[in-house]
Amino acid sequence: MTGPPAPGAAGRRPIAALRAVRRSAWTVAIVGLLGALLAVEKLVHPTLNVFDMQSLVDGALPLCLAAMAQTAVVLSGGIDLSVGPMMSLVNVVSALLMTHATNGQAVLIALGLMAVAAAAGALTGAVIVATGVPDIIVTLATGFVWGGLALHIMPIPGGAAPAGFAALMTGELGSVPSGLVVILAALAILWEPVHRSPAGLALYAVGSNRAAAYLSGVAVGRARVTAYAMGGAFAALGGFALTASTTNGNAAAGTSYTLTSVAATVLGGVSLAGGRGGMIGPVAAALLLTLINTLLTFEGVDPNFSLVVQGAIVVLVVMVAGLVLVRRRGA
Amino acid sequence: MGRHPMPAVNLLEVRGVSKRYGAVVALRSASLTVAAGEVHALLGANGAGKSTLVKILTGVIRPDAGTIEMSGRPVRFASPASAPRAGLAAVFQDPSLVPDLTVRQNLRLTGADPAGVRRWLAAMDLGVDEDDLAGDLPLPLLRILDLARALAREPRLLILDEITAALPADLVERVFHVIRRWRAQGRSVLFISHRLVEVRTICDRATVLRDGADVGTLVLAERAEQQIVALMLGPMAASPEALRPAGPGAGTRPDAAVRDRAGGASAAPLLLEARGLAVSGALRGVSLSLRAGEIVGVAALEGQGQDALFDCLAGNRRADAGEIRVAGRTLAPRTPYDAIRAGVVLVPADRVHALLPQRSVRENIALPLYNRAARWGPIDLRDEGARAGAAIARLAIDTRAQRQVRRMSGGNQQKVVVARWLAAGFRVMLCFDPTRGIDVGTKRQIHRLLRDLAAAGAAVLLFTSELPEIPLVCDRVLALYEGRVVRELPARAADEATLLRVVHGLAREEPPG
Ligand SMILES: Nc1ncnc2c1ncn2[C@@H]1O[C@H](COP(=O)(O)OP(=O)(O)OP(=O)(O)O)[C@@H](O)[C@H]1O
Ligand SMILES: [Mg+2]
């Protein structure tokens, strides 16, 4: 800051705020796109009210949490293909344990399960670090384990959740959908403390350039394990969201979330190579994908075809962004 | 950290350290002592094992055998994080700043004291915006940041693995200034460089490694250089040819005749012409021309537009204005592919970007061959092998770790980048610091190679951060300053003192033509 300008840095010294916006341009764009779509929706269907916002968040909550789980891992330079099965497993176990529980007990059960899921995530991470087997293979395998366990515990859908617990996740708090509160609380209590700590810095560093991080003295293995543990905790929350919205357990409930979580993560501006991105983008992307799905259903589009549309949108957005990036670099 | 009167033991004592990777012996048996208050050089040809030793000293890798003592006490590190606690800090050969983090975050990552880093940067007359992403900074600044970060830990022994390789002359001077201050405080430096002039300037003693073992330690007196070269290259390579010292006034050069002829024969065809090249914020109207058989040097301090100039010519970026002609035909390259097809090839500054680190040497060299227009069908492995083999032999590439290029020593990786164009063929070679990190023996081979290429009818544009190289290999030199060519000199007149003046924008003169 003092002294003559750094070599090569002369003549490009944008204002800090501007730079912050430019660096998170993608997040801003995705949130903007979501806002625009909501606005259009409001124009076309003026009946849109709090209840619609409510149902959007309720529908999107499992995907939002799955995307957060995936993002934690992808930021560290990994990938987690066990997010969906983990959600199923937590869904099934929580529905089983909560069948006759009071609301207070349900909350305690949830906290306990979250700790177990985080530990399972940490274990997955430790296996990846210790054996050097690629993450994609290890998490594919653990995914089969979680999925199989879920089926074993509950071959046919069953169990239940107390109404109060369900309302905690899918009801409304004042005039705000409680799902939003859950997401914000998860960000504030689970993610931000890590994100702002040296451990969070290490997580980004390891994702960005593992060799450089190692040379800088970062405990690379610990950072990667932390990422998978965070992923496990978020996936558990996603499982509770399934339990709350269906008030029962279903061993297949989470299956589709593995790949949609990757889609939301990418759409949310997180680099699949690791090290770049944040949590807001993927959450917004999850809401966006859900909203598009709802709109298509509302317009009477065949649900199978709406998957085609969703996929096309992911490709289109990523492609446009890629072109913009190429332009900027070539200029 | 309070300083005690030094006991009569060495600060660092390394004995019989070895390391092998499968069949590759990176270090056979290396011993080394560094005294307190000493700047000690660690020298050796490419692949001799210098960086391997540095990595062992800092806990990045574990040795197979041998002992390391600091102040007489044995030490053993489990990870890079534990070395600083024993009073060791290193600047590694490859930048260790994490690209997607800001400078500030990078400092926090290592627990470096930002105030200390700022102080050391100020001592080198530099500043940096700490909110910049490390990945956006130019390589020299990254190296300086790496250095400041290591210095801020106040280690007793500072290890510098080729820190000067990517630095322009003025920054090297500032680094030396800091090293001298460091030594005056009774602390030590282990200094690795292929530039013997630097070693003579800054170091007290030198230990030479050859093929993974130490072959001698000597005090750097007046005539030590030839001794060093002889030790480095071994008895077989120590021909009178190899013993000739580098630098200005290096006696008769084998290529002197070629250069004089080129100087007179301006009738050779123009291979590359650029007129009024401009890039906002970097280049302000650069014109140049290269004839067949000519090597034109580019001399500049850091950040005077040389990156943009080479990028434009090589098709990595488009100029805002100006024209490029190759052998008389206009070239507006949109991608490197266009430039390569026209016969303009680049040996880039950052070998990391130019190589496929996980692939073999041969594939890396053969890569441009695959790119020939309308080349379908199976790859002609015999032809590929022959071309790659010839290039490997010509550059004397150490192929012990050839299955994956990333495992080769830094200098040998650099040679692979040059070798690929030898195999592919070209008309104009743009060399951006091609001898960075290359040992003295190979450096001369590369100089001779460039002269040979020119003699065979190619044109070479050569940027080098090592000014003494210019009179040694070039015919003419262009000095860039603030995005303009401020001076053109015949190589004969381009001694280091003159060059230093013109690259600083002193002795300004209207560019001819
Ligand atoms: N991970 C690895 N796997 C296999 N071989 C390796 C590995 N790392 C280094 N080597 C080999 O060990 C030898 C010594 O390499 P090192 O990097 O120490 O050389 P150096 O003296 O630093 O050379 P330079 O001056 O070119 O940087 C080389 O032959 C290299 O190919
Ligand atoms: Mg090296």
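Residues numbered from 1 in each chain as written. Chains lettered and ligands numbered in written order. Predicted model: local features only at pLDDT ≥ 70, side-chain atom pairs only at ≥ 80, totals over all residues. Heavy atoms only, no water.

Colleague: Tell me about the overall build of chain B, residues and numbers included.
Modeller: Per the secondary structure count, chain B includes 18 helices and 20 strands. Looking at chain B as a whole, 57% of its 513 residues qualify as buried. A fraction of 68% describes how many contacts in chain B between residues 6 or more apart in sequence connect residues 24 or more apart. Looking at chain B as shown, the accessible area adds up to about 21,000 Å², and 51% of this sits on carbon and sulfur atoms. (Helix = DSSP H or I, 4+ residues; strand = E, 2+ residues; numbered from the N terminus. Buried < 20%, exposed > 50% of the residue type's maximum accessible area, 1.4 Å probe, protein only. Contact = heavy atoms within 4.5 Å. Areas by Shrake-Rupley, 256 points an atom, 1.4 Å probe, with all protein chains shown as cover.)

Colleague: Break down unusual backbone geometry for me, with residues and values.
Modeller: Residues and elements named next belong to chain B. Despite not being glycine, Ser71 has its phi angle at roughly 50°, a positive value. Among the secondary structure elements, Ser71 is positioned in the loop between β4 (65-70) and β5 (73-74). You will see that Asp125, though not glycine, has its phi angle at about 65°, which is positive. Here Asp125 shows up in the loop between α3 (114-123) and α4 (139-151).

Colleague: For the sheet that holds strand β12 (residues 283-291) of chain B, give the residues involved together with the corresponding values.
Modeller: Neighbouring strands of a sheet are bound in pairs by backbone hydrogen bonds; such pairs are parallel or else antiparallel. Residue and element names in this part refer to chain B. Ordered by their spatial adjacency, four strands build an open sheet running β12-β11-β14-β15, and the pairing between neighbours is antiparallel. Each edge of the open sheet carries a strand with a single partner, namely β12 and β15 (329-330). Pairing between strand β11 (residues 270-279) and strand β14 (residues 321-326): five bridges, direction antiparallel. Each bridged residue has a counterpart across the sheet, and for Ala274 the counterpart in β14 is Ile324. Across the face of the sheet, helix α10 (residues 306-314) comes into contact with β11, β12 and β14 while running at roughly 125° to β11. (Pairing = 2+ DSSP bridges. Axes fitted to C-alpha atoms, helices over the stretch in contact; angles between N-to-C directions.)

Colleague: Which residues make up the pairing of strand β7 (residues 157-161) of chain B, and what are the values?
Modeller: Residues and elements named next belong to chain B. In terms of burial, β7 is a largely internal element, five of the five residues being buried. Of the two faces of β7, the one holding Leu157, Ile159 and Asp161 and the one holding Leu158 and Leu160 are both buried throughout. Looking at chain direction, strand β6 (residues 88-91) and β7 are connected through four bridges and run parallel. By the bridge assignment for β7, Val91 is matched with Leu160. As judged from the five bridges shared by β7 and strand β8 (residues 188-192), these two strands associate in the parallel manner.

Colleague: An account of the site of ligand 1 is requested, with residue identities and associated values reported.
Modeller: Residue and element names in this part refer to chain B. Among the 22 residues in the neighbourhood of ligand 1, the closest are listed as Lys50, Ser51, Thr52, His194 and Gly411. With respect to ligand 1, the backbone of Ala48 contributes an N or O atom lying 3.2 Å from an oxygen atom. At 2.7 Å from an oxygen atom of ligand 1 is found a side-chain nitrogen or oxygen belonging to Ser51. Here ligand 1, which alone exposes 640 Å², has 92% of that area covered by the protein. Take the shell around ligand 1: its biggest share by element is three residues, from helix α1 (residues 50-57). Residue composition of the shell around ligand 1, by class: seven nonpolar, 10 polar and five charged. (Near = heavy atom within 4 Å. Polar contact = N/O pair within 3.5 Å; in protein donor to acceptor, adjacent residues only side chain to side chain. Nonpolar A, V, L, I, M, F, W, Y, C, P; charged D, E, K, R; others polar.)

Colleague: Describe the pairing of strand β17 (residues 428-432) of chain B, naming the residues involved and giving the relevant values.
Modeller: Residues in a regular strand point their side chains to alternate faces of the sheet. Residues and elements named next belong to chain B. Counted residue by residue, β17 has five buried out of five residues, so it is predominantly covered. Alternating positions in β17 separate into two faces, Val428, Leu430 and Phe432 on one and Met429 and Cys431 on the other, with burial throughout. Pairing of strand β16 (residues 344-347) with β17 involves four bridges; the strand directions are parallel. Following the sheet pairing, Val347 is matched in β17 by Cys431. Bridge analysis of β17 against strand β18 (residues 459-463) gives five bridges, and the strand direction is parallel. From the neighbouring strand, Met429 faces β18, where its bridge partner is Val460.

Colleague: Describe the interface of chain B and chain A, with residues and values.
Modeller: Frequently, the measure chosen for interface size is the accessible area that the parts lose on association. Across the contact, 36 residues belong to chain B and 29 residues belong to chain A. Both faces considered, chain B and chain A share a buried interface measuring about 2,700 Å² in area, 56% of it formed by carbon and sulfur atoms. In terms of surface lost to chain A, no three residues of chain B exceed Asp100, Leu109 and Asp129 of chain B, which account for 19% of the buried area on that side. On the surface where chain B and chain A come into contact, there are one salt bridge. The shortest N-O distance in the salt bridge between Arg276 of chain A and Asp100 of chain B comes to 3.0 Å. Where chain B meets chain A, there are five residue pairs in polar contact (both at pLDDT 80 or more). Looking at which element gives the most residues to the side of chain B that touches chain A, the answer is helix α2 (residues 103-109) of chain B, with four residues. Each residue belonging to the side of chain B that touches chain A can be placed in one class, and the counts come to 15 nonpolar, seven polar and 14 charged. (Buried area = accessible area lost by both parts, 1.4 Å probe. Salt bridge = Lys/Arg side-chain N within 4 Å of Asp/Glu carboxyl O.)

Colleague: Tell me about the domain arrangement of chain B, residues and numbers included.
Modeller: Residue and element names in this part refer to chain B. Domain annotation of chain B identifies domain 1 (10-87 + 155-238), domain 2 (251-259 + 268-343 + 428-513) and domain 3 (356-425). Opposite the 15 residues of domain 2 that make contact, domain 3 presents 11 residues. Regarding the contact of domain 2 and domain 3, the summed buried area is about 1,100 Å², with carbon and sulfur atoms giving 71% of it. Among the residues domain 2 hides against domain 3, the three largest losses belong to Tyr337, Met429 and Leu449. Together they make up 36% of the total. Where domain 2 touches domain 3, the interface holds zero salt bridges. At the junction of domain 2 with domain 3, the criterion picks out one residue pair in polar contact (both at pLDDT 80 or more). Ranked by residue count, the leading element in the side of domain 2 that touches domain 3 is helix α16 (residues 440-455), at six residues. (Domains from an automatic or database assignment.)

Colleague: Quick rundown of the coordination of the magnesium ion (ligand 2)? Include the residues and the values.
Modeller: Surrounding the magnesium ion (ligand 2) are the protein donor atoms Ser51 of chain B (OG) and Gln93 of chain B (OE1), which sit 1.9 to 2.1 Å from the metal. Of the two residues, Ser51 of chain B sits in helix α1 while Gln93 of chain B sits in the loop between β6 and α2, which places them 42 residues apart along the sequence. (Donors = N, O, S within 2.8 Å, 3.2 Å for Na, K, Ca; no water.)

Colleague: Tell me about the pattern of salt bridges, and please be specific about residues and values.
Modeller: Residues and elements named next belong to chain B. Summed over the entire model, instances satisfying the criterion amount to 26 salt bridges over all chains. The partner of Glu69 in a salt bridge is Arg15, and the shortest N-O contact between them spans 3.6 Å. One end of the pair, Glu69, is in strand β4; the other, Arg15, is in strand β1 (residues 12-21), and 54 residues separate them in sequence. Residues Glu323 and Arg275 are paired through a salt bridge, measuring 3.5 Å at the closest nitrogen-oxygen approach. Taken together, the residues span a long stretch of sequence, with Glu323 in strand β14 and Arg275 in strand β11 at a distance of 48 residues.

Colleague: Break down the packing of helix α8 (residues 178-196) of chain A against helix α11 (residues 220-246) of chain A for me, with residues and values.
Modeller: Helix packing geometry: the angle between the two helix axes and the distance between the axes. Residue and element names in this part refer to chain A. Interhelical geometry of α8 versus α11 gives an angle of 175° and a closest axis separation of 12 Å. Looking at the two axes, α8 sits roughly antiparallel to α11. Packed against α8, whose contacting residues are Ala186, Leu190, Trp191 and Val194, the element α11 presents Thr226, Met230, Ala233, Phe234 and Leu237 at the interface. Looking at the contact of α8 with α11 residue by residue, the class counts come to eight nonpolar, one polar and no charged. (Parallel < 35°, antiparallel > 145°, perpendicular 65-115°, else oblique.)

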